[in-house]
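Structure assessment
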Amino acid sequence: MALKRLIPASLRRRVRGNKAYRAWWLERQVAHPRPRRPKGVVVFAGLSRFHLSNPGKVTAETYLPALCTVLREAGFDTRFVTSVAALEGALDRALPAFVVMIYREEHDIPSGARLDAALARAELVFNHPETGRIVADKRRTNEVLTAAGVPMPRMVSAADAPVFSNAVAESAQPVQVVESGASLDPFRYNTEFIDTRIEYGGKDYYSTVRVMCIGAKITHAFVRARDAAQNDASVHTKDTPVDARMINDLHERLVEATWDHLSDIARRVSDALGPGFYAHDVLVERESGRVLVCETGFKFDNKQYSGALEPIRHLLPAWQPFHSPADNARNSAPHLIAALEERLAASSA
């Protein structure tokens, strides 16, 4: 404590923000020692400007140590790296290596020939930069996933019916519902409008399902909703009423009732894009019951949703095991371990 008082607060902040310090600090939080005879090594690589602490993608300080603890208990060593040189060093060990890339695909994708060469040596790469370049562009994502049999809203060039118009890149951007017959901005991502209204308590709500996956496997899914009286079909966490009965009811109708469709979507997306920590945003159409992917991207946990529902989390059985980032990591880890074990078995066959 006395030493801490001797160090200026500004210097302490600079040290805490240093990428090498962050990697060291995360390593110190892992609760299990390294396995003596590891089956392989999982390398978490933060090579973008946010390094391992990436806002909106992962709550690094709690999610990553909890995940690494379970991995080490299962016999996999873990490493944190924040440079290509450190990644190369982690891959030089005589162990099968699995890389988990952490970055914001919207505008912060790591690149370079040296990185490509390093990643080519890994057994598996989760959130590969090549995948990031696809999901960063909603039109390209639609083309790739539609070709792979993933149900998605149809892209349109004319408003012969209502059109949902969104930014081509970036998430949480302003959207428009363009009425039939109106002109479209060709530089936006324009798709058929999917009516996701669902009735609860005598009112209609626009709805979405967020499906969290590691590779082809769903770890968990949750609903979001927005009062249709607001005349805005774009649904986010902040729009969702903090109402346990409503959320449990919508979970049963939109998640449990469509689970087979959601599982098929998760498999098809993974087959098309490769391994990743994904968040698929899914629409369930009001009249037809069609289940379609409107967006996908990389995401490890959903801290914003947890914070919004903190007052009622004890009333949400489906969300309870994934409420905190650490619980999310612990309860999602078996899906990651299964993917690693499957790859090791295939490599040794």
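In this text, all values refer to a predicted model and were calculated from it rather than measured experimentally.

1. So, the sheet that holds strand E5 (residues 163–166)
Across the sheet, three strands lie side by side as E6-E5-E7; this open sheet has antiparallel pairing. With one partner strand each, in any of the chains shown, strand E6 (176–178) and strand E7 (189–192) form the two edges of the open sheet. Pairwise comparison of adjacent strand axes, ignoring direction, gives a mean angle of 30 degrees for this sheet. Where E5 meets E6, three bridges bridge the pair, whose relative direction is antiparallel. Bridging across to E6, Phe164 finds its partner in Val177.

2. Looking at the layout of surface pockets
The computed volume of the second largest pocket comes to approximately 440 Å³. Of all the secondary-structure elements, those providing two or more residues to the lining of the second largest pocket are strand E4 (124–126), helix H10 (259–273) and helix H12 (325–348). When residues in the lining of the second largest pocket are grouped by element, the largest group, six residues, is from H12. Along the lines of polarity and charge, the residues of the lining of the second largest pocket split into eight nonpolar, five polar and five charged.

3. Some thoughts on the nonpolar core
Core analysis: the biggest nonpolar cluster contains 59 residues, and Leu87, Val99, Met101, Val209, Val211 and Leu262 have the highest contact counts within it. When neighbours within four sequence positions are excluded, Leu262 is seen to be in contact with Val209, Val211, Ile218, Val255, Val282 and Val291. Listed in part, the 32 residues of the second largest apolar core include Leu52, Ala60, Ile102 and Leu344.

4. Looking at the pairing of strand E12 (residues 291–298)
Within E12, six of the eight residues are buried, which leaves the element mostly enclosed by the surrounding structure. Here strand E11 (residues 277–284) hands over to E12 after six residues, with Gly289 in that stretch at a positive phi of 80 degrees.

Rules behind the numbers
Residues numbered from 1 in each chain as written. Predicted model: local features only at pLDDT ≥ 70, side-chain atom pairs only at ≥ 80, totals over all residues. Heavy atoms only, no water. Pairing = 2+ DSSP bridges. Helix = DSSP H or I, 4+ residues; strand = E, 2+ residues; numbered from the N terminus. Axes fitted to C-alpha atoms, helices over the stretch in contact; angles between N-to-C directions. 1 Å grid on protein atoms, 1.4 Å probe; cavity = no way out; pocket = protein on both sides within 12 Å on 5 of 7 lines; lining within 4 Å. Points joined across faces, edges and corners; volume = space filled by probe spheres on them. Nonpolar A, V, L, I, M, F, W, Y, C, P; charged D, E, K, R; others polar. Core = buried A, V, L, I, M, F, W, Y, C linked by side-chain atoms within 4.5 Å. Buried < 20%, exposed > 50% of the residue type's maximum accessible area, 1.4 Å probe, protein only. Contact = heavy atoms within 4.5 Å.

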